[in-house]
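# Observations on the model geometry
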Amino acid sequence: MKFPDILRLALRNLREARLRAGLTTLGVIVGVSMIVSMMSFGLGLQRNAVQRFRDLDLFNEITVSGRSLVGLVSSAMGDRSGGEGREGREGRRGRRGQADENDPARKVPERMLTEAALAEIAGLPGVASVEPNIDLTTYVRANKRALLRQVGGALVPNGATRFKTYLAGRMISSPEADEAVVDESFLRSFGFERPQDAVGQTLELLAPGGADEPKAGGGEEAGKKGAGAKDEANAKDEAGRDEDDDELSFFGLPLEEASPEDDPAASALAARTFRIVGVLKTEVEGGAQGGRQFRGMMPVSSIYIPLPAARAWADRYRNSISEVAFRLARASGVLKEGETAGYAMAVVRVTDPDVLPGVQTRLHELGFNSFSIVDQLKELRTVFLILNSALGLLGGISLLVASFGIANTMIMSILERTREIGIMKAIGAEDREIKLIFFVEAGLIGLMGGVAGALAAWAIDAVANRLAYRFILQPRGVSYVDFFALPPYLWLGAILFAVAISILAALYPAARAARIDPVKALRHD
C-alpha cells in the first residue's frame, strides 16, 4: 500500500472510534499544555531576570580596579602585605578554599588607574566609555540647609541608564558646566516639595577655607606654606592682643559674649556653587518609600557633578589619610613630580554584552583587576536550567500518563479489528504495512493533541498574565510583566515530543497486530 492509502485508512479508523480517540487525544492535550505552560513560566522567569540585569546596565559594565596609592606606599616602605594589614591577610586566607588564587581577579593589580591608563583602556576594541569613580563625602548647602551628603562625579555625556529617566529637568550639559543633577532623596533631605522646585536652584559644596585651606597638589611645599600661614596667623593674634585690651573686661574676662557669626574660624568656609538642572527618578516603582533603584556598577550618590569638577575638589580637599599617603608617595619617589594619585576604581562600559568577556581578558593582561555580573552568569544559567528541567519533568509525567492511554486505545483497536487485519494480510498486506497503519494512527493522535495542547498553553499563559497583573501587580503600582515566554522552539518541540511519545506508545500494539495469524484472524468473530 502507498502512504496516502495508509493515511486515509488511519483517519477512517479514528473516525469510527471518535469517543475513544477523542478521550485519548484529550490526555495528550493535557500533557502538552502542562509541559508548555510550566516550561514557558521558567523561561519567562529567566527572560525577566536577564532583561532586568540588562536594563540595569549589569551586562555591559565592568568594574576595574588598579594598584592603590596605599599599596604602592606600603610596598615602597617594605610592607610585603601591600598595605592590607592583618585583617586583609586573614581575609585572603579565608578565601583560599573558595576561589583559585591563580584567578586574575584575585591577583594584586600591577598598575595604577591613572589618566594614561584610562585612555589606554578606552582605546580597547568594544569599549564605549571609561568612567572613573570619584565619590566625595562632604557637606552640601542648599535651600538654607547644610547636610553631609555623597557627591559623585559623572561622565558627560553619559550612557548609563541611571541618567535616562528624570522627574524634572535634564542631564548636565557639558563637562565644564557648573551644573548638578540630584536624586529623589535629595528633595526630601533639603525640603523641596516638588522636583520642579529644585530645578534652577543652587547647591554649594563646603570645605574648610581661610588660612587652613590646603593647596592643590598637597605636597611638602604646600604643607610648608600652610604651616607658615598658621604661624603668621598666630603672630597676628599675638600682635592684636593689645588692640583687644580696649574691650570691656573684668579681670581679663570679656563682659560681652561673642556670637558664632563673629568668629572668623566659623565663617571661613570654601564653597563651590552648582546649579541644579535635573532630578533623577531613582525610587523603585511600587517599592517602599525611600528605596533606591540599583543601576549599573557605579556606586550610587545623592548628587552628581561633572567629573572634572569632582576630581578638582577631591584633589584640593583630601582627607588626612589620603594626604599622608600622597606625601609619602612623593617622598619615596613612587609618584614623580606632576603625577597624580590615580583612581581607586573605574567602570568600563562596553558596546555589546557579547564583547564583555574579551574586554575583561584584555584588562587582566594590562595588569588590572576586574569584575562583572557575567562572572556569575554561569551559576545563574545553571539555576534556571535546573528549574526548567524540574518544570518540564512535571509536565512530562502527564504526557507519560497520556501515552498509556494511547497504548490502550491501540490495543483495543486491535481486538476490534482482528478480522480486518486478517483479511488485509490474506490479500497480501505485509507486516510492516500493518505496523505502519498503527504508527500513523498514533502519530495523528499525538499531532492533534500536541497542536491543541500548545494552543491551550498559550491561552493559559495569557489568562494567567492578566490575572496576575489585575490582582497582584496593579494593586501594588507595578507595571505589567509578562511572566511567560513562549518561543517557537518550545511549542514546536512540545508537538514533536507528543508525536514521538505517541509512536513509542504504539510500538507494542503495532508489533502485536503484525503477529496476528491471518487464518485465526479470519475465524475471529
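Structure: above.
The structure reproduced in this document is the subject of the present report. Note that the structure is predicted; figures quoted are calculated from it, not measured.

### Structural notes on the overall build of the chain
The helix and strand tally for the chain stands at 19 helices and 13 strands. Residue burial in the chain is summarised as follows: out of 525 residues, 39% are buried. Put simply, 81% of the contacts in the chain that link residues at least 6 apart link residues at least 24 apart. Element-wise, carbon and sulfur atoms account for 58% of the exposed surface of the chain, whose accessible area totals about 29200 Å².

### Considerations on helix α5 (residues 115–122)
Taken together, the buried positions of α5 are Ala117, Leu118 and Ile121. Along the axis of α5, the buried positions cluster into a sector of 100°, meaning they face one direction only. Facing away from the buried side of α5 by over 90 degrees, the exposed positions are Ala116 and Ala119.

### Looking at unusual backbone geometry
Leaving glycine out, the prevailing phi sign among residues is negative, and the prevailing peptide bond configuration is trans. Residue Pro157 is reached from Val156 by a cis peptide bond, and omega for that bond is -5°. Turning to its location among the elements, Pro157 is positioned in the loop between β4 (145–154) and β5 (166–169). For Lys144, which is not glycine, the phi dihedral falls at a positive 65°.

### Some remarks on the pattern of salt bridges
Where charged atoms of side chains with opposite charge meet at close range, the side chains can pair. This model, assessed by the stated rule, comprises 15 salt bridges. For the salt bridge of Glu179 with Arg170, the shortest nitrogen-to-oxygen distance reads 3.4 Å. When the shortest N-O distance is used, the salt bridge between Arg432 and Glu430 registers 3.1 Å. According to the relative accessible area criterion, Arg432 is exposed, its value standing at 56%. Among the residues examined, Glu430 registers a relative accessible area of 42% and is labelled partly exposed.

### Topic: a nonpolar patch on the surface
On the surface, Leu393, Leu394, Ile397, Leu400, Val401 and Phe404 cluster together into a nonpolar patch covering about 610 Å² of accessible area. Relative to the assigned elements, Ile397 resides in helix α14 (residues 377–416). Judged by its relative accessible area of 45%, Ile397 is partly exposed.

### Some points on helix α17 (residues 488–505)
End to end, α17 covers 26 Å across 18 residues, agreeing with the expected 26 Å (1.5 Å per residue, within 8%). Within α17, burial applies to Leu490, Ala494, Ile495, Ala498, Val499, Ile501, Ser502 and Ala505.

### Examining the packing of aromatic side chains
In this structure the tally under the stated criterion is six aromatic pairs. Ring geometry for Phe41 against Phe484: centres 5.6 Å apart, planes inclined by 55°, an arrangement best described as tilted. Residue Phe41 is found in helix α2 (residues 18–55), and its partner Phe484 is found in the loop between α16 (431–473) and α17; the two are separated by 443 residues along the sequence. Across from the ring centre of Phe471, 5.4 Å away, lies the NZ or CZ of Arg470, which sits over that ring.

### Thoughts on the packing of helix α1 (residues 3–16) against α16
Relative to each other, α1 and α16 sit at 65°, their axes nearing to 9 Å. The two elements α1 and α16 meet at a crossing, and its hand is right-handed. In this structure, α1 uses Phe3, Ile6, Leu7, Leu9, Ala10, Leu11, Asn13 and Leu14 to contact α16, whose residues at the interface are Leu436, Ile437, Val440, Glu441, Leu444, Ile445 and Met448. A class-by-class count of the residues in the contact of α1 with α16 yields 13 nonpolar, one polar and one charged.

### Some thoughts on the side chain of Ser37
Mapping Ser37 onto the fold places it in helix α2. Within polar-contact distance, the side chain of Ser37 engages the backbone oxygen of Ser33 at 2.8 Å. Ignoring sequence-local partners within four residues, the contact set of Ser37 consists of Ala457, Ile460, Asp461 and Phe484.

### With respect to the pairing of strand β12 (residues 345–350)
When you tally the buried positions in β12, you get six out of six residues, the bulk of the element. Side chains Met345, Val347 and Arg349 project from β12 onto one buried face, and the interleaved Ala346, Val348 and Val350 project onto a second face that is buried too. Taken together, the five bridges between strand β2 (residues 127–132) and β12 define a ladder with antiparallel strand orientation. Residue Glu131 lies in a different strand from β12, and its bridge partner there is Val347.

### Details of empty space enclosed by the protein
This structure, assessed with the given rule, holds three cavities of 30 Å³ or more. Estimated volume of the second largest cavity: approximately 70 Å³. Taken together, the residues of the lining of the second largest cavity break down into six nonpolar, two polar and five charged. Looking at the lining of the second largest cavity, you find at least three residues from each of domain 2 (60–132 + 343–372) and domain 3 (134–332).

What counts and what doesn't
- Residues numbered from 1 in each chain as written.
- Predicted model: local features only at pLDDT ≥ 70, side-chain atom pairs only at ≥ 80, totals over all residues.
- Heavy atoms only, no water.
- Helix = DSSP H or I, 4+ residues; strand = E, 2+ residues; numbered from the N terminus.
- Buried < 20%, exposed > 50% of the residue type's maximum accessible area, 1.4 Å probe, protein only.
- Contact = heavy atoms within 4.5 Å.
- Areas by Shrake-Rupley, 256 points an atom, 1.4 Å probe, with all protein chains shown as cover.
- Arc of directions from axis to C-beta.
- Salt bridge = Lys/Arg side-chain N within 4 Å of Asp/Glu carboxyl O.
- Patch = residues over 30% accessible without salt bridge, like charges linked within 9 Å, V, L, I, M, F, W, Y side chains within 5 Å.
- Expected span 1.5 Å × (residues − 1).
- Phe/Tyr/Trp six-rings, centres within 6.5 Å; stacked < 30°, edge-to-face > 60°.
- Lys NZ or Arg CZ within 6 Å of the ring centre and 35° of its normal.
- Axes fitted to C-alpha atoms, helices over the stretch in contact; angles between N-to-C directions.
- Left-handed = near helix turned anticlockwise from the far one by under 90°.
- Nonpolar A, V, L, I, M, F, W, Y, C, P; charged D, E, K, R; others polar.
- Polar contact = N/O pair within 3.5 Å; in protein donor to acceptor, adjacent residues only side chain to side chain.
- Pairing = 2+ DSSP bridges.
- 1 Å grid on protein atoms, 1.4 Å probe; cavity = no way out; pocket = protein on both sides within 12 Å on 5 of 7 lines; lining within 4 Å.
- Points joined across faces, edges and corners; volume = space filled by probe spheres on them.
- Domains from an automatic or database assignment.

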